[in-house]
Amino acid sequence: MANSFGTDILIQAEDPSVAAAFYVNELGFSVTDETPEMISLLGDNINLFIERGPAMGPVLEVTVASVERAKARLTEVGCQILKDEPDFPRCYVIDPYGLIYNLAENG
């Protein structure tokens, strides 16, 4: 399984601008992009993306060759799909140890 782990972390917040202000003012992030649905922040070693939506906790970004194959394999070993977005394609997964990650296809 050739996955790629990047420096991206995604969180969801009901109001991304309020959350972004916290990370900018309290932790020194800078805003690199902003839309009504997502704000992108840059830290020294992390790219933080704040997406509008109900809070899930921190989400690590994992790039895979095929989201469908990765979903099938991971659910067989005890992972649960939290949110599936086949049109993107991506899905949010929680593993048996509580780690949440977003599976996205490369390329």
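Anything mentioned here points back to the structure above.
These lines cover the structure that appears in this document, whether it is placed above or below. (Residues numbered from 1 in each chain as written. Predicted model: local features only at pLDDT ≥ 70, side-chain atom pairs only at ≥ 80, totals over all residues. Heavy atoms only, no water.)

Of regular secondary structure, the protein possesses two helices and eight strands. What you see in the protein, going N to C, is helices and strands ordered as β-α-β-β-β-β-α-β-β-β. C-alpha extents for the protein along the principal axes are approximately 40 × 25 × 25 Å. Buried positions account for 35% of the 107 residues belonging to the protein. Within the protein, residue pairs in contact and separated by at least 24 positions form 53% of the contacts whose partners lie at least 6 positions apart. (Helix = DSSP H or I, 4+ residues; strand = E, 2+ residues; numbered from the N terminus. Buried < 20%, exposed > 50% of the residue type's maximum accessible area, 1.4 Å probe, protein only. Contact = heavy atoms within 4.5 Å.)

Scanning the model with the defined rule gives two aromatic pairs in all. Plain terms: the ring middles of Phe22 and Tyr23 are 5.1 Å apart, the flat faces sit at 85° to each other, and that makes the pair edge-to-face. Ring geometry for Tyr23 against Phe29: centres 6.0 Å apart, planes inclined by 85°, an arrangement best described as edge-to-face. Residue classification places Tyr23 among the partly exposed residues on the basis of a relative accessible area of 22%. Over the face of the ring belonging to Phe88 we find Arg90, whose NZ or CZ atom lies 4.6 Å from the ring centre. (Phe/Tyr/Trp six-rings, centres within 6.5 Å; stacked < 30°, edge-to-face > 60°. Lys NZ or Arg CZ within 6 Å of the ring centre and 35° of its normal.)

Turning our eyes to something else, we now look at the side chain of Glu51. Counting through the fold element by element, Glu51 comes out in strand S4 (residues 47-52). Separated by 3.1 Å, the side chains of Glu51 and Tyr92 make a polar contact. Beyond its immediate chain neighbours, meaning those up to four positions away, Glu51 contacts Leu10, Ile11, Gln12, Ala13, Pro16, Glu37, Met38, Arg90 and Tyr92. (Polar contact = N/O pair within 3.5 Å; in protein donor to acceptor, adjacent residues only side chain to side chain.)

Another point: the nonpolar core. The biggest cluster of nonpolar side chains holds ten residues, and these are Val62, Val64, Val67, Ala70, Leu74, Cys79, Cys91, Val93, Tyr101 and Leu103. Elements supplying a minimum of two residues to this core: strand S5 (59-64), helix H2 (67-76), strand S7 (90-94) and strand S8 (100-105). When neighbours within four sequence positions are excluded, Leu103 is seen to be in contact with Val62, Val64, Val67, Ala70, Lys71, Leu74, Pro89, Arg90, Cys91 and Val93. Listed in part, the nine residues of the second largest apolar core include Ala13, Ala20, Phe29 and Leu48. (Core = buried A, V, L, I, M, F, W, Y, C linked by side-chain atoms within 4.5 Å.)

Take the pattern of salt bridges next. In total, this model carries six salt bridges according to the counting rule given. Salt-bridge contacts for Lys71 lead to Asp84; the nearest nitrogen and oxygen are separated by 2.7 Å. Residue Lys71 is found in helix H2, and its partner Asp84 is found in strand S6 (residues 80-85); the two are separated by 13 residues along the sequence. Taken together, the shared-partner salt bridges in this structure form one network comprising Glu51, Lys83, Glu85 and Arg90. (Salt bridge = Lys/Arg side-chain N within 4 Å of Asp/Glu carboxyl O.)

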